[in-house]
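The chain contents come next:
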Amino acid sequence: TPEFGDVQSTADANLNGDAAPDRAVFNPKGVKGTGSGTTGVYDPSRAGLCGVDDSGAPVVQCNANLVGYTADNPNAQYITAAKGVYANAGRNTLPVRPINDWDATAVKRINFTERYSFEFQAQAINVFNHSQYISGYLSQINSYGDTGALNFLNPGNTQFNQPQLVFPNNARQMQLAVKLIF
């Protein structure tokens, strides 16, 4: 079974002023696993509210005449929630590829006395070398701190829902270890 991720927008959709990313808009009739950004819709009759730029030319688009947003891809399942848009996507709605990891360890212990022994270990992580595109390492429980996860979860980004573009492959790792027990 897969893990699930929270699809997030980069804008402060709920206008609460915090830096935490807000969720996206969920389109239940959209193509499964696809994402889209948004484009602002401006009222040309209110363009006079925008003023002029540094060269004195009138500004046609500004927040004063912004009236809404349209999805760049109306067939997307997830759409970026821009400022002031109600984000209706729930938590943990995007299924992420599951981890398919098999590890193995072979140990040979040599006892010198009842108290002293020597161990030799051969360890293999991801023995079958399956691609494991995850935010972290298979051999550790912590993340490597990459911010690519935000690109992976942002429906307006070209890397949305494409872990092979964001995360490392986590290829097979092998190591030898020795241990002296006393």
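See the structure above.
Residues numbered from 1 in each chain as written. Predicted model: local features only at pLDDT ≥ 70, side-chain atom pairs only at ≥ 80, totals over all residues. Heavy atoms only, no water.

Caption draft 1: How the structure looks around the environment of Cys-50. By the secondary structure assignment, Cys-50 is in the loop between strand S4 (38-42) and strand S5 (66-71). For Cys-50 and Gln-61, which are 11 residues apart along the polypeptide, the C-alpha to C-alpha distance reads 6.8 Å. Beyond its immediate stretch of four places on either side in the chain, Cys-50 contacts Val-59, Val-60, Gln-61, Cys-62 and Asn-65. (Helix = DSSP H or I, 4+ residues; strand = E, 2+ residues; numbered from the N terminus. Contact = heavy atoms within 4.5 Å.)

Caption draft 2: Spatial organisation of the side chain of Ser-117. Tracing the backbone through its elements, the reader meets Ser-117 in strand S9 (residues 117-125). Filtering out sequence-adjacent residues up to four positions away, Ser-117 remains in contact with Arg-109, Ile-110, Asn-111, Phe-112, Lys-179, Leu-180 and Ile-181.

Caption draft 3: Focus on the sheet that holds S9. Within the open sheet, the three strands sit side by side as S8-S9-S10. Their pairing is antiparallel. Each end of this open sheet is capped by a strand with a single partner; those strands are strand S8 (104-111) and strand S10 (173-181). Looking at each pair of strands side by side, their axes are set apart by 10 degrees on average, direction ignored. Two strands pair when backbone bridges link them, and S8 and S9 are joined in this way by eight bridges, in the antiparallel orientation. Residue Arg-109 lies in a different strand from S9, and its bridge partner there is Glu-119. (Pairing = 2+ DSSP bridges. Axes fitted to C-alpha atoms, helices over the stretch in contact; angles between N-to-C directions.)

Caption draft 4: Molecular detail of the pattern of salt bridges. Tallying each qualifying case throughout the model produces three salt bridges. A salt bridge links Arg-91 to Asp-6; its shortest N-O distance comes to 3.7 Å. Of the two residues, Arg-91 sits in the loop between strand S6 (76-79) and strand S7 (94-96) while Asp-6 sits in the loop between strand S1 (3-5) and strand S2 (25-26), which places them 85 residues apart along the sequence. Taking the relative accessible area as the measure of exposure, Arg-91 reaches 57% and is therefore exposed. Of the charged contacts in the structure, one is a salt bridge between Glu-119 and Lys-179, with a shortest N-O distance of 3.7 Å. One end of the pair, Glu-119, is in strand S9; the other, Lys-179, is in strand S10, with 60 residues separating them in the sequence. The partly exposed category is assigned to Lys-179, whose relative accessible area is 40%. (Salt bridge = Lys/Arg side-chain N within 4 Å of Asp/Glu carboxyl O. Buried < 20%, exposed > 50% of the residue type's maximum accessible area, 1.4 Å probe, protein only.)

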